[in-house]
Amino acid sequence: MTTLDKILLVVLIILAALLLSTPSTMADDDPKDTEIKLKDGKVLRGVLRQIRPSFYLVQTDDELIELSAEEIELVNGQQGIPSVGNERPLATSMHRAQLQPDGSLDLWTFEEITNTHDEILTYAMFGAKERELPTMKTMQAYDQFGNRLNVRIEPRAGTGLYNVFIDFEVPILPGESMRGSLRYVYQNQIECDGQRCRNQFWGDFPEDRLHTRRVELPKGAKLLKVDPEPNLQYEHDGKTVVVWRRYYPAKTGFPLVVEYELKH
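Quick look at the structure, then. Fair warning: this is a prediction, and the values are worked out from it, not measured in the lab. (Residues numbered from 1 in each chain as written. Predicted model: local features only at pLDDT ≥ 70, side-chain atom pairs only at ≥ 80, totals over all residues. Heavy atoms only, no water.)

**Remarks on the packing of aromatic side chains**
Part 1: Throughout the structure, instances matching the rule amount to six aromatic pairs.
Part 2: When the centroid spacing of 5.7 Å and the interplanar angle of 65 degrees are considered together, the rings of Tyr-123 and Phe-165 count as edge-to-face. Remark: Phe-165 occurs in strand 12 (residues 162-172) and Tyr-123 occurs in strand 9 (residues 121-128); sequence separation between them is 42 residues.
Part 3: Residue Tyr-123 is classed as partly exposed on the basis of its relative accessible area, which comes to 38%. (Phe/Tyr/Trp six-rings, centres within 6.5 Å; stacked < 30°, edge-to-face > 60°. Helix = DSSP H or I, 4+ residues; strand = E, 2+ residues; numbered from the N terminus. Buried < 20%, exposed > 50% of the residue type's maximum accessible area, 1.4 Å probe, protein only.)

Put into structure tokens, the structure is as follows:
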């Protein structure tokens, strides 16, 4: 048998082993298919995520549940909770999406920046693709003191990317953190057929994320559908507001949908 024949034989053996794997074995490795039995008898199925010692999140298709370790009896039929090792701290984010009658969307995001360097930080910078420029050019930035900050967009030399700079009115000292907010205007986030409109958000973050999304309908608009059921729904200043709080594992999507009818 030649060396090439031996290599092909090994490849075939590996492929056969993969094809012969049982569905139950494959499912055990799927973090979305974890079965959690609580001490009160309730059984949950979804994603189990530790967010701090002895405290966990369970994201099912329908709800986000916060649990202490003492409330969990079995995980996939086993006593105790699987070790998570050195899991990264869970990133959090918040969006305020204001749906406008003209079909545009004002998106507010809330950010926190920590200066981990030895020098004073006078600006923040991130990259953007050319297709993102129309939205980047609508961006407004504000710091925690209420200052509107200067935004600069410059080509990144030797690439097709752009650098987006936000100049601080109040520099951030070493070890200090500052909170602020960004506002963007999107023109393609709402689908309308006459007076009936639909907005959908998928998630799909680059890292594990606990995300809060607040959607404000246009003033006087009638809510027709909201899916899944939100954590909170209320009326304020003539607007219907729905709020979701959901855990998204990295690079996964789950639609948050509102459908509504504009005021005639």
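After that view of the structure, there is still more to cover.
**Focus: unusual backbone geometry**
Part 1: The peptide bond linking Asp-227 to Pro-228 adopts the cis configuration, its omega dihedral lying at -5 degrees.
Part 2: Topologically, Pro-228 is positioned in the loop between strand 17 (222-227) and strand 18 (232-236).
Part 3: One non-glycine residue, Asn-76, lies in the positive phi region at around 50 degrees.
Part 4: Mapping Asn-76 onto the fold places it in the loop between strand 5 (72-75) and strand 6 (78-79).
Part 5: Assessed through its relative accessible area of 37%, Asn-76 is described here as partly exposed.
Part 6: With a phi angle near 60 degrees, Asp-204 is a residue other than glycine that sits in the positive phi range.
Part 7: On the secondary structure map, Asp-204 appears in the loop between strand 15 (196-203) and strand 16 (209-216).

**Examining the sheet that holds strand 7 (residues 91-99)**
Part 1: Sheet architecture is open: ten strands sit in the order 9-12-11-10-13-8-7-16-19-18, paired in mixed fashion. Unpaired on one side and paired on the other, strand 9 and strand 18 mark the two borders of the sheet. Averaged over neighbouring strand pairs, the angle between their axes works out to 25 degrees when direction is ignored.
Part 2: For strand 8 (residues 105-114) and strand 13 (residues 177-186), the ladder comprises ten bridges, and the chain directions are antiparallel. Pairing of Phe-110 across the sheet is with Ser-181, part of strand 13. (Pairing = 2+ DSSP bridges. Axes fitted to C-alpha atoms, helices over the stretch in contact; angles between N-to-C directions.)

**Notes on a negative patch on the surface**
Part 1: Negative charge collects at one region of the surface, where Asp-61, Asp-62, Asp-227 and Glu-229 lie side by side.
Part 2: Locating Asp-61 in the fold gives a position in the loop between strand 3 (55-59) and strand 4 (64-68).
Part 3: Assessed through its relative accessible area of 56%, Asp-61 is described here as exposed. (Patch = residues over 30% accessible without salt bridge, like charges linked within 9 Å, V, L, I, M, F, W, Y side chains within 5 Å. Areas by Shrake-Rupley, 256 points an atom, 1.4 Å probe, with all protein chains shown as cover. Salt bridge = Lys/Arg side-chain N within 4 Å of Asp/Glu carboxyl O. Lys, Arg positive; Asp, Glu negative; His and termini not counted. Charge placed at Lys NZ, Arg CZ, Asp CG, Glu CD.)

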